[in-house]
Amino acid sequence: MKPSAVAVDFGADPEPRSSSEFEEIPYPSNHWVPPQQEEELPLHYMSEEKARRRVVRGPSGNEDLFEKHQYPPHNYDDDEGKDVYNKIRPVKPFVGSGRPRQAPPPPPTSIREFLLQNLEHIPPIVYTLLSCWTRFHKIGHSNIVVWDEAHFGKFGSHYLKREFYFDVHPPLGKMLVGLAGLLSGYDGHFDFKSGAEYPEHVPYVAMRVMLATFGVGMVPLGWYTAVELGMTQWACHLVALMVLFDVAWLCISRFILLDSMLLFFTFFTVFCLTKFHNQQYQSFSLDWWVWLSMTGFAIGCVTSVKLVGLFVTALVGLYTIEDLWEKFGDTKMSIRDQAWHWGARVACLIVLPILVFMASFKIHFLVLNHSGPGDAQMSSLFQANLVGNDFHKNPLEIAFGSRITLKNMGWGGGLLHSHVQTYPPGVGSGQQQVTCYHYKDENNDWIVLPTWEEPDYNPNGELRYLKNNDLIRLSHASTTRNLHSHVVVAPVTKLNYEVASYGNATIGDVNDYWKVEVVDDIKQGKSVERIHSLTTRIRFRHNILGCYLRAANAVLPQWGFKQIEVSCDKENDPEDAHTYWNVESHWNDRLPAADTKFYRSPFFRDFWHLNVAMMTSNNALIPDPDKEDILASKPFDWPFLHLGLRMCGWGDAQTKYYLLGTPIIWWGGALAWRKYIDMEPREWDHFLYVGKIAFFGWALHYRRYFPLLPTLYFSVLMFAHLLDHFVFSSRRLTIKTKWIVFGVFATAIFGTFWWFKGLAFGIDGPINEHKGLRWRESWNIYEGL
């Protein structure tokens, strides 16, 4: 029998609890609310592919194909009835610039899904294939040495023959030229004379193709940099089109030159910087370290090709200073994190680039271990260890009557030199010039002789060795004039006295006397009995004036052939290395050849010595202000294409190349500046970030003397950036309007490229028959106009 049911009254049902009983956090009115979407749960009968959430990645996210990204939505449960103080707080949103973060997609389960997740890579692949056509098309059409192929092809030959040479640029780019020659089967035996025809045994086409590959790489780097800068696909396409179709970049990339490598590594540096910027939300993660290190590596590479790379290095430096300053102002960041940020920048952006730069010189020294045309730029000890050098034939001890060359031991020092030319009217005494010269020449030879009061030197008399505190004359071997100084102001260093060559073998005075003062000797130390070649450091003090013979890398004007000034320094600074000299070459038939093992010159000393010599020689290449030269143009000539440059001979039978940019790209980049209009905070942050990268990159690279092609890249970024903000991201314009604007610019870019493509691919026949190429009267394309 069942018991009867008992009803228990628990009271009225309580009202549902509301989260209002707890602390409520009001959201701002402009807080982004994810759209309400119906969510379909995976059921047991669904396949895994159907149940999986699919994500399509790309510069435009999941929005319209040419619209900007939005941040991924954050869904937070109400967690009603729980302690709100124990709830996980939302992660701080990503910085308001650069490419917005996206959640990583799940691993693809099919080829179709893989393709959908990688749609963003299809456009750069297409552009890269097009770039291969533009860079390689008719690349071997001209079989003559074009423009600076005469220099850089020759430098590549030196690497293959392992002969030491000197140039004002760091070695990485030229080593890559040598590597291209090695891989193409070139043996290094061609002089690369300007305008000369390539012989059959020189694979110049293969070498050009290998170096043009760096030009090919510029196009995808331009695309991905625009993506990382957070531009829409409209702007990404425009950047890629401008890099692809600029005639100047195309022309300069198709020859055996350093410019394609310089441009590639400049693009690569900016790309790595933008990638690193987009990792700032997760400091010290693996990706953060990778892209910070890659930025430093790229800096090392671009500066190892040309010192022009220091400008993009300065851009990274300015970015880093601003970044660290913002972190310094972040009161929530601990001192330990601050120190880690500083240490990471020092290690990756200072130490790493220096190591890359130094490594290029180390490889340079290891490869070029034979004596060559650039020996005289280096220290005497460095030269002594080169294969084929004849310093081992030098007599060890210097004697009166010896014929010697004197090497200045300051950084970048040259050989004491004189020539028949005199100081010009109005400059000094008008006597024969004395300079320092960085190449071996008979005018570097001097003969050690006694003073006028002593008996004349007797080649058959008793040998008299040169010792500390000896008083001597130095007679110029070629002209018999004597090294001389007097109370006349030096031509450049006005605080010093002039040094000249005066008199002859029978005429002279007491101003020809120099006292030899020994500093030390590598082998003998401070106690030096007799002066040795190569190892003894000496100073020459003028016996009357008390000044010291000095060469401190001051460059003479054109009348001095841009050689180094030699003066007599009134200040006695015993630590001044520019007053130190050593005997380099030594000839004396009365003395035996030295049988000694030379000391090796330290790498760091050779590295620093060569860099000072490079900078000194580079300063000497600056054109004189009083000379008109196409390479010494006015500041606004190149951005507005006032000038172009003939890269070869202009005869009717020659294939002609003209360095000129695509007008729509250069003019558009030059005019890409407009006033700020009202923007939302994130838009303003993004506008400032990209604008600063583009503007400071342009300003740092902007120079007077040549069409510095890296400058154009930042103009391209600025041009695309402004179109992106004021057109493609505008809420006031329809998609149709944006398509029209994009189509107009893309058509203009391609159309002007097609019109001027012959300037890069080569023009055959009489140039005046090719009409319509002279858009500005200042372009010297046509003959007789």
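Calculation criteria
- Residues numbered from 1 in each chain as written.
- Predicted model: local features only at pLDDT ≥ 70, side-chain atom pairs only at ≥ 80, totals over all residues.
- Heavy atoms only, no water.
- Helix = DSSP H or I, 4+ residues; strand = E, 2+ residues; numbered from the N terminus.
- Buried < 20%, exposed > 50% of the residue type's maximum accessible area, 1.4 Å probe, protein only.
- Areas by Shrake-Rupley, 256 points an atom, 1.4 Å probe, with all protein chains shown as cover.
- Expected span 1.5 Å × (residues − 1).
- Arc of directions from axis to C-beta.
- Core = buried A, V, L, I, M, F, W, Y, C linked by side-chain atoms within 4.5 Å.
- Disulfide = S-S within 2.5 Å.
- Salt bridge = Lys/Arg side-chain N within 4 Å of Asp/Glu carboxyl O.
- Axes fitted to C-alpha atoms, helices over the stretch in contact; angles between N-to-C directions.
- Parallel < 35°, antiparallel > 145°, perpendicular 65-115°, else oblique.
- Left-handed = near helix turned anticlockwise from the far one by under 90°.
- Contact = heavy atoms within 4.5 Å.
- Nonpolar A, V, L, I, M, F, W, Y, C, P; charged D, E, K, R; others polar.
- Pairing = 2+ DSSP bridges.
- pLDDT = per-residue confidence, 0-100.

## Side note on the overall build of the protein chain
Each helix and strand counted, the protein chain has 19 helices and 15 strands in total. Looking at the protein chain as a whole, 50% of its 785 residues are labelled buried. For the protein chain, the exposed area adds up to about 38,400 Å²; of that, 59% sits on carbon and sulfur atoms.

## Points about helix α18 (residues 735–756)
Taking 1.5 Å of rise per residue, 22 residues should cover 32 Å, and α18 covers 32 Å from first to last C-alpha, within 8% of that figure. Of the residues making up α18, those classed as buried are K738, V741, F742, A746, I749, T752, F753 and F756. For α18, the angular spread of the buried residues around the axis is 135°, confining them to a single face. Opposite the buried face of α18, by more than 90 degrees, sit the exposed residues K736, V744 and T747.

## Description of the nonpolar core
By size, the foremost hydrophobic cluster in this structure holds 131 residues, and its most contacted members are W249 and M647. With 30 residues, the next largest nonpolar core counts C436, W514, V516 and C568 among its residues.

## Looking at helix α7 (residues 233–245)
Because an α-helix packs 3.6 residues into every turn, residues spaced three or four apart end up facing the same way. In this model, α7 (13 residues) spans 18 Å end to end at C-alpha, consistent with the 18 Å of a helix rising 1.5 Å per residue. Of all the 13 residues making up α7, 13 are buried; the element is thus mostly covered by neighbouring parts of the structure.

## Details of the state of the cysteines
In this structure the tally under the stated criterion is 1 disulfide. Left without a disulfide partner, C272 is nearest to the cysteine sulfur of C301, which lies 9.4 Å away. Relative accessible area serves as the criterion here: at 0%, C272 is assigned to the buried category.

## Re the pattern of salt bridges
Evaluated as defined, the whole model comprises 15 salt bridges. In this structure, R550 and D569 form a salt bridge, with 3.6 Å as the shortest nitrogen-oxygen distance. Of this pair, R550 sits in strand β10 (residues 548–550) while D569 sits in strand β12 (residues 567–569), placing them 19 residues apart in sequence. One exposure class covers both R550 and D569, and it is buried.

## A closer look at the packing of α7 against helix α17 (residues 710–728)
Interhelical geometry of α7 versus α17 gives an angle of 155° and a closest axis separation of 9 Å. Regarding the angle of α7 to α17, the classification is roughly antiparallel. For the pair α7 and α17, the crossing hand works out as right-handed. Judged by residue contacts, W234, A235, L238, V239 and M242 of α7 engage V716, L717, F719, A720, L723, D724 and F728 from α17. Partitioning the contact of α7 with α17 into residue classes produces 11 nonpolar, no polar and 1 charged.

## Description of the pairing of strand β8 (residues 514–521)
Along β8, 7 of the 8 residues are buried, which leaves the element largely enclosed by surrounding structure. Bridge count for strand β5 (residues 471–476) against β8 is 2 bridges, and the pairing is antiparallel. Across the sheet, L471 pairs through a bridge with K515, a residue of β8. As paired strands, β8 and strand β9 (residues 536–542) are joined by 7 bridges and run antiparallel to one another. When the bridges of β9 are listed, V516 appears paired with F540.

## Notes on the environment of F561
Within the secondary structure, F561 is located in the loop between β10 and β11 (564–565). Overall, F561 belongs to the partly exposed group, its relative accessible area being 41%. Taking the C-alpha atoms as reference points, F561 and Y437, 124 residues apart in sequence, are found 9.8 Å from one another. Not counting residues up to four positions away in its chain, the partners in contact with F561 are H419 and Q421.

## Describing unusual backbone geometry
The phi angle at R162 is positive, at roughly 60°, despite the residue not being glycine. Residue class for R162 comes out partly exposed when judged on its relative accessible area of 35%. Residue L534 is not a glycine yet carries a positive backbone phi of 75°.

## A closer look at the side chain of S485
With respect to the secondary-structure elements, S485 resides in strand β6 (residues 482–489). Residue class for S485 comes out buried when judged on its relative accessible area of 0%. Once residues lying within four places of it in the same chain are set aside, the contact partners of S485 are Y497, E498, V499, N511, W514, H542, L545, C547 and C568.

## Quick look at the environment of I665
In this structure, I665 sits in helix α15 (residues 663–670). Exposure remark for I665: the relative accessible area of 1% places this residue in the buried category.

## Details of the confidence of the model for the protein chain
Within the protein chain, residue pLDDT values average 83, and 79% of them lie at 70 or more. The model gives residues 27–58 a pLDDT under 50, and that stretch makes 32 contacts with residues more than four places away or in other chains. Predicted confidence for residues 60–95 stays below pLDDT 50, and this span has 66 contacts to residues more than four positions away or in other chains.

## A short note on the packing of helix α9 (residues 259–277) against α17
At their nearest, the axes of α9 and α17 sit 10 Å apart, and the two run at 40° to each other. In terms of their interaxial angle, α9 and α17 are classed as oblique. The chirality of how α9 crosses α17 is right-handed. Two secondary-structure elements touch here, α9 through L262, L263, T266, F267 and V270 and α17 through P710, Y713, F714 and L717. Each residue belonging to the contact of α9 with α17 can be placed in one class, and the counts come to 8 nonpolar, 1 polar and no charged.

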